[in-house]
Amino acid sequence: MAWSPRHSAGRRLQLPLLCLLLQGATAILFAVFVRYNRETDAALWHWGNHSNADNEFYFRYPSFQDVHAMIFVGFGFLMVFLQRYGFGSVGFTFLLAAFALQWSTLIQGFFHSFRGGYILVGMESMINADFCAGAVLISFGAVLGKTGPVQLLLMALLEVVLFGLNEFVLLSLLEVKDAGGSMTIHTFGAYFGLILSRVLYRPQLEKSKHRQGSVYHSDLFAMIGTIFLWIFWPSFNSAPTALGDGQHRTALNTYYSLTASTLSTFALSALVGGDGRLDMVHVQNAALAGGVVVGTSAEMMLTPFGALAAGFLAGAISTLGYKFVTPILESKLKVQDTCGVHNLHGMPGVLGALLGGLVAGLATREAYGDGLESVFPLIAEGQRSATSQAMHQLFGLFVTLTFASVGGGLGGAAWGYGVQG
Amino acid sequence: MAWSPRHSAGRRLQLPLLCLLLQGATAILFAVFVRYNRETDAALWHWGNHSNADNEFYFRYPSFQDVHAMIFVGFGFLMVFLQRYGFGSVGFTFLLAAFALQWSTLIQGFFHSFRGGYILVGMESMINADFCAGAVLISFGAVLGKTGPVQLLLMALLEVVLFGLNEFVLLSLLEVKDAGGSMTIHTFGAYFGLILSRVLYRPQLEKSKHRQGSVYHSDLFAMIGTIFLWIFWPSFNSAPTALGDGQHRTALNTYYSLTASTLSTFALSALVGGDGRLDMVHVQNAALAGGVVVGTSAEMMLTPFGALAAGFLAGAISTLGYKFVTPILESKLKVQDTCGVHNLHGMPGVLGALLGGLVAGLATREAYGDGLESVFPLIAEGQRSATSQAMHQLFGLFVTLTFASVGGGLGGAAWGYGVQG
Amino acid sequence: MAWSPRHSAGRRLQLPLLCLLLQGATAILFAVFVRYNRETDAALWHWGNHSNADNEFYFRYPSFQDVHAMIFVGFGFLMVFLQRYGFGSVGFTFLLAAFALQWSTLIQGFFHSFRGGYILVGMESMINADFCAGAVLISFGAVLGKTGPVQLLLMALLEVVLFGLNEFVLLSLLEVKDAGGSMTIHTFGAYFGLILSRVLYRPQLEKSKHRQGSVYHSDLFAMIGTIFLWIFWPSFNSAPTALGDGQHRTALNTYYSLTASTLSTFALSALVGGDGRLDMVHVQNAALAGGVVVGTSAEMMLTPFGALAAGFLAGAISTLGYKFVTPILESKLKVQDTCGVHNLHGMPGVLGALLGGLVAGLATREAYGDGLESVFPLIAEGQRSATSQAMHQLFGLFVTLTFASVGGGLGGAAWGYGVQG
């Protein structure tokens, strides 16, 4: 079965040529700049020739595979719930993510592992590239149905650069903590996509709204996406943390936060639904908000109770967002949010950033012991107070919102120009 | 698309209020009692500050993620084969499991990791909570279609307590081995659900039986569940075993047992099917019986041949159960077993407990060497003979059947009272 | 819902009896020959009683679970795209793979781990058996729809033996490198199936071609298979490599190769499609060719650029194969390749073998450093030059094509005789 991108008639060469051009360009850049890092090169390092601490590299492998599964299966199928876009959403997810993995390897590598004129790549760069692909797919969820693959690839070309820049400012310049990416992935991806969607507002899309309705089997496919995101979120948030207690704590907080967001989603969905009915769209999406909301703080000493409370709040806000905020966004602000990314990634992401600031501000030597060094190195070294770290965290949120908005706006403007040109 | 629980009209507030109540109660109990354990707390332990043996904690992480995937994807989709309950089965699986994870963390923690007034949680408690959620979902399979989410949550509230109590009696008091839970998970979950289903017998359900028929796409969704259970069962059975040879042996025995139950299921299904036709329900379910039947013994020196023989027998019994036992259960004993959990979990679970007793009774110092210490510590220390361990194993089965029956009966009685009240 | 194998009427006992016979035979062989290996037996080895290097065995476990998931979910669902064979393809995949796992444990064990009269099994033999099952499922893809389960089991009976023999000749006699199986798995499985399909040519199959058409939901199910293969391919290719840099390099090369084959597939599919339309069959299959093409060379110092270039080429060739080669194969050579395995496994497999020869021929002590010992031990020890290793690699391809062709031909001849007899 074939499926057709928009504007297929006179522009049939656009997609092939763009794919070839982008692939050719990244391949040349790979040839010039990209080299295996120490743990990946045959000549530099081997099993056995290393201390126990080097075992770290082996333990990253399962985390990589979990994140990789979550991004592709999770985002790939979550968006299938719209019958009309089923094919396109899975297919374009695939294309977009494949390109984003290559492109973000170059951009993130330039910012984070550029040594002696070369970008060094290994397990960590693969995990980071998957994270960046996640942000691109979140933005895709906001504009799904408005655009064809050519525009989506151009969106990714711009977004990956801004993602890398924003991440560099937050993690390297501001030295903000954001292991699971409440700010760098969810907030950034959501608002980039939403601003882009605003610029691309098409009134006639509203008229064909009934074609967006979900159906039985599409909902079951979307539940595959939901469940994969739900089960692998502990690995997603903990993939870049310190091993040992850091990884365990992050996974555990994420796990409990997700159980609480699931319960609050069912509660609120039945409460606001007509006649006590549950809305599948809430279950498919809002139940995941618990993973987003602890993206910054799960690494910290959030406590198991804190994880439950955060998850509960996120699930509730997300469900209420689908019911009350999305219609207002569309009718008043002319933002058509096809998959409701504002509810799943936008609001919970901002909430997660604020929660991260709060928990950072409460950090004490007593609570973290020697672990303070790995969670908040600047506080441990006395270069920052906990309050100062909290302020930096909040400033990181502000920076992220700025990059996302400017980026989405720029993207939309370029796009509009291209359509008219 | 929305889906509607039973009794939605006058009782629309029941589900939201129950969710909020349960979540509020567990959150308060978490706040008071639950703390990070040593391997999860920032102040207590770090990567590097430990001996090689402490690496154990890192190796548990992939096991956790595998079990988590198996429970949610496996059970979530296996029950979709009934077209009529597709939505409900996935959605309620999600709700039930999310609640069970929280509640069993408290109950199991109280029995197993209550230290200095606190329940200490970490990787192991997450794996154990997933196991308990598995038992709840098995019971759910027996009553699917009879009940709405409110009753299911109340069932989980009771079942998790009895699961924890039964597990405590078996593992801590009787010191019985049951790594993969032939008794504690499968037998307990199946008979709890079946007794409950008996008490809730509704003659009119039979009349609408044709609505239970499966259809093409639902069967493919169910096969997703089947395959996830099949592939991750080695990790499920081996998640709580000793690392090294224990984990490898358990995984290997489970792997071969499943291949044999698959072959015997196809053989028996074609044999008893009219005209040599295969029945998809057999393939979806009975092929998995090999995982259940070695739940107790896979950790032991079952031998690869023993694994094949056990799996073969389990697949055969399970297939014959679907053909001959289920109709009798329904017509004679008035037990409506919607998903056939008696065939997949009940009979193979009991068989697995008996097999575990047999293999334990044959344990010798010669066969286990120094490994006797980790598989049967009481035999290694001379406190028990192999025969005595076998007797304890069988007594564990009796205890499990008692707890399951009393629990299911109590649950049904309370339920019936609630319906009339 | 029931589904019916071909020839069900007068031959209803064939499938059950064959399953029972095969299972009985393998069980007896297991009883006589198969024993736990050192890392699996309770008496021989334990956690703690070993050096750091022994940790290797723990790190294999996640690789096993990834490969196992890829084989069953990936191949199980990829073939569902043909609406007409949906049930059969998933069900028979399951049956075939379950038998192949047992049978190849015996055959591969006989060639590779036969010690003191026993076949020793453990984690590695499970991974190897999964690899062999992969080859059988590839052949199944070529003959899907032509045959019933009885013939498929007999095909597996023969193919597993030849697979084991071919693998032994390549890996142990020729000492060829082929970690991810470009030759031993993909080339062998594809050409075995294609020759078999040729021998079984049935002109009337062409007439019912319209029944092979895919439909919306079947395509989404197939995408589940595609995505699972795509995400787990790095683990598949790296499962048998040396740990540390070997595993990381193999996974990284596979990861980037797949991103490039995805982009080239979209480019070429839109280019050759009428009206710029993308063909779902290309996306479902050709996007995976990047995993096949680096099956031999990903372990080597291919460089990240080399991985991109190889993946790009494989995706392009595979897409063009679906468009131009498959119709010629069918009309001119009378090879009906139901799932297009020639395009996904055949041509990319041969290309991967050639690429492996090329990269091996370029190996220098300078590029591999001390790692030369683990990648090319014979070159490191001075027993072979790089050019000689390259020649051996190419000869390995020739041997593989010979075994596959003779095996497929023999299988087809025996089959034809059986049908007439």
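What counts, and where the lines are drawn
- Residues numbered from 1 in each chain as written.
- Chains lettered and ligands numbered in written order.
- Predicted model: local features only at pLDDT ≥ 70, side-chain atom pairs only at ≥ 80, totals over all residues.
- Heavy atoms only, no water.
- Helix = DSSP H or I, 4+ residues; strand = E, 2+ residues; numbered from the N terminus.
- Buried < 20%, exposed > 50% of the residue type's maximum accessible area, 1.4 Å probe, protein only.
- Contact = heavy atoms within 4.5 Å.
- Areas by Shrake-Rupley, 256 points an atom, 1.4 Å probe, with all protein chains shown as cover.
- 1 Å grid on protein atoms, 1.4 Å probe; cavity = no way out; pocket = protein on both sides within 12 Å on 5 of 7 lines; lining within 4 Å.
- Points joined across faces, edges and corners; volume = space filled by probe spheres on them.
- Nonpolar A, V, L, I, M, F, W, Y, C, P; charged D, E, K, R; others polar.
- Core = buried A, V, L, I, M, F, W, Y, C linked by side-chain atoms within 4.5 Å.
- Expected span 1.5 Å × (residues − 1).
- Axes fitted to C-alpha atoms, helices over the stretch in contact; angles between N-to-C directions.
- Left-handed = near helix turned anticlockwise from the far one by under 90°.
- Salt bridge = Lys/Arg side-chain N within 4 Å of Asp/Glu carboxyl O.
- Pairing = 2+ DSSP bridges.
- Phe/Tyr/Trp six-rings, centres within 6.5 Å; stacked < 30°, edge-to-face > 60°.
- Parallel < 35°, antiparallel > 145°, perpendicular 65-115°, else oblique.
- pLDDT = per-residue confidence, 0-100.
- Patch = residues over 30% accessible without salt bridge, like charges linked within 9 Å, V, L, I, M, F, W, Y side chains within 5 Å.
- Lys, Arg positive; Asp, Glu negative; His and termini not counted.
- Charge placed at Lys NZ, Arg CZ, Asp CG, Glu CD.

Now for the overall build of chain A. Within chain A one finds 17 helices and 5 strands. Counting across all 421 residues of chain A, residues that qualify as buried make up 69%. Here the analysis covers contacts within chain A between residues at least 6 apart in sequence; of these, 81% occur between residues at least 24 apart. Summing over all exposed atoms, chain A offers an accessible surface of approximately 12500 Å²; the carbon and sulfur share of this is 65%.

A few words on empty space enclosed by the protein. Within the structure shown, the criterion is met by 10 cavities of 30 Å³ or more. Computed from the structure, the largest cavity encloses a volume of approximately 180 Å³. Taken together, 18 residues line the largest cavity, and the ones lying closest to its centre are D66 of chain A, D66 and F232 of chain B together with D66 and F232 of chain C. Where the lining of the largest cavity is concerned, the elements lending two or more residues are α2 (56-78) and α8 (216-238) of chain A, α2 (56-78) and α8 (216-238) of chain B together with α2 (56-78) and α8 (216-238) of chain C. Among the residues making up the lining of the largest cavity, the classes are represented as 12 nonpolar, 3 polar and 3 charged.

Residue and element names in this part refer to chain C. Note on placement: L95 falls in helix α3 (residues 86-112). Exposure remark for L95: the relative accessible area of 2% places this residue in the buried category. Considered as a pair, L95 and L153 are 58 residues apart in the sequence and their alpha carbons are 8.2 Å apart.

Turning our attention to the nonpolar core. In this structure, I224 and Y368 of chain A, I224 and Y368 of chain B together with I224 and Y368 of chain C are the most contacted members of the largest nonpolar core, which totals 396 residues. With residues near it in sequence (within four places) discarded, Y368 of chain B still touches M300, M301, V359, A363, V375 and F376 of chain B together with A42 and A43 of chain C.

It is worth spelling out helix α5 (residues 149-173) of chain C at this point. For α5 of chain C, which comprises 25 residues, the first-to-last C-alpha distance of 34 Å matches the rise-based estimate of 36 Å (1.5 Å per residue) to within 8%. Within two residues after α5 of chain C, E175 of chain C carries a phi angle of roughly 50°, on the positive side.

Time to look at the packing of helix α9 (residues 245-272) of chain A against helix α12 (residues 304-331) of chain A. To characterise two packed helices, one gives the angle between the axes of the helices and the distance between these axes. Residues and elements named next belong to chain A. Running from N to C, α9 and α12 point in directions that differ by 35°, and their axes come no closer than 6 Å. Handedness of the α9/α12 crossing: right-handed. On α12, the residues that touch L252, N253, Y256, S257, T259, A260, S261, S264, T265, L268, S269 and V272 of α9 are P304, A307, L308, A310, G311, F312, G315, A316, T319, L320, K323 and F324. Grouping the amino acids of the contact of α9 with α12 by side-chain chemistry returns 13 nonpolar, 10 polar and 1 charged.

Before going further, it helps to examine the pattern of salt bridges. All names here are of chain C. One pass over the full model with this rule turns up 9 salt bridges over all chains. Between E299 and K177 there is a salt bridge whose closest N-O contact spans 3.6 Å. Placement of E299 in the loop between α11 (289-293) and α12 (304-331) and of K177 in the loop between α5 and α6 (182-199) is noted, with a sequence separation of 122 residues between them. Across the pair, K177 and E299 agree in class, each one buried.

Here we take up the pairing of strand β4 (residues 118-121) of chain C. Residue and element names in this part refer to chain C. Residues I119 and V121 point to one face of β4 and are all buried, whereas Y118 and L120, pointing to the other face, are not buried. Bridging between strand β3 (residues 114-115) and β4 involves 2 bridges; their strand directions are antiparallel. Counted as the bridge partner of R115 is Y118 from β4.

A few words now on the environment of E159 of chain C. All names here are of chain C. Its location among the elements puts E159 in helix α5. Under the relative-accessibility criterion, E159 is labelled buried at 0%. When sequence neighbours within four positions are dropped, the list of residues in contact with E159 reads A135, V136, S139, F188, G189 and F192.

In this section: the pairing of strand β4 (residues 118-121) of chain A. All names here are of chain A. Pairing between strand β2 (residues 34-36) and β4: 3 bridges, direction parallel. Each bridged residue has a counterpart across the sheet, and for R35 the counterpart in β4 is L120. Taken together, strand β3 (residues 114-115) and the strand that follows it, β4, pair antiparallel across an intervening segment of 2 residues, in which G116 is found at a positive phi of about 55°.

What follows concerns the packing of aromatic side chains. Applying the stated rule across the entire model yields 65 aromatic pairs over all chains. What links up through ring pairs into an aromatic cluster is the set F77 and F221 of chain A, F77 and F221 of chain B together with F77 and F221 of chain C.

Reading across from one edge, β2-β4-β3 (chain C) is the order of the 3 strands in this open sheet, with mixed pairing throughout. With one partner strand each, in any of the chains shown, β2 (34-36) and β3 of chain C form the two edges of the open sheet.

Residues and elements named next belong to chain B. Where helix α12 (residues 304-331) contacts helix α13 (residues 341-361), the axes come no closer than 8 Å and their chain directions differ by 135°. As judged from the angle between their axes, α12 and α13 are oblique. For the pair α12 and α13, the sense of crossing is right-handed. Contacts between α12 and α13 involve A310, L313, A314, I317, S318, G321, Y322, V325, T326 and L329 from the first element and H342, N343, L344, M347, P348, L351 and L355 from the second.

Residue and element names in this part refer to chain A. On average, residues of chain A carry a pLDDT of 87, and 87% of them reach 70 or more. Note on residues 1-10: pLDDT under 50 across the span, and 28 contacts to partners over four residues away in sequence or across chains. Low pLDDT, under 50, characterises residues 207-213; the predicted model gives this stretch 7 contacts beyond four residues in sequence or across chains.

Further remarks concern helix α4 (residues 123-143) of chain C. All names here are of chain C. In this model α4 runs 31 Å from its N-terminal to its C-terminal C-alpha over 21 residues, within 8% of the 30 Å that 1.5 Å per residue would give. With 19 of its 21 residues buried, α4 lies for the most part within the structure. Of the residues trailing α4, G145 is marked for its positive phi of about 100°.

It is worth spelling out a negative patch on the surface at this point. On the surface, E175, D370, E373 and E381 of chain A cluster together into a patch of negative charge. One can find E381 of chain A in the loop between α16 (377-380) and α17 (386-420).

Moving on, we get to the side chain of Q108 of chain C. By secondary structure assignment, the location of Q108 of chain C is in helix α3. If we ignore the near neighbours within four places in the chain, the residues touching Q108 of chain C are S113, N128, A129, C132, F163 and E167 of chain C.

In this fold, Q102 of chain C is placed in helix α3. Once you skip the residues sitting within four places of it in the chain, Q102 of chain C turns out to touch T259, A260, L263 and L308 of chain B together with Q23, T26 and F30 of chain C.

What follows is about the sheet that holds strand β3 (residues 114-115) of chain B. All names here are of chain B. Spatial strand order, β2-β4-β3: 3 strands in an open sheet with mixed pairing. Two strands bound the open sheet, and with one partner strand each, they are β2 (34-36) and β3. Sheet strands touched by helix α1 (residues 14-33): β2, β3 and β4 (118-121). Its angle to β2, the strand with the most contacts, is close to 55°.

Residue and element names in this part refer to chain A. On the surface, I28, L29, V32, F33, F110 and F114 cluster together into a nonpolar patch covering about 520 Å² of accessible area. Among the elements that make up the nonpolar patch, the one with the highest residue count is helix α1 (residues 14-33) (4 residues). Among the residues examined, F33 registers a relative accessible area of 30% and is labelled partly exposed.

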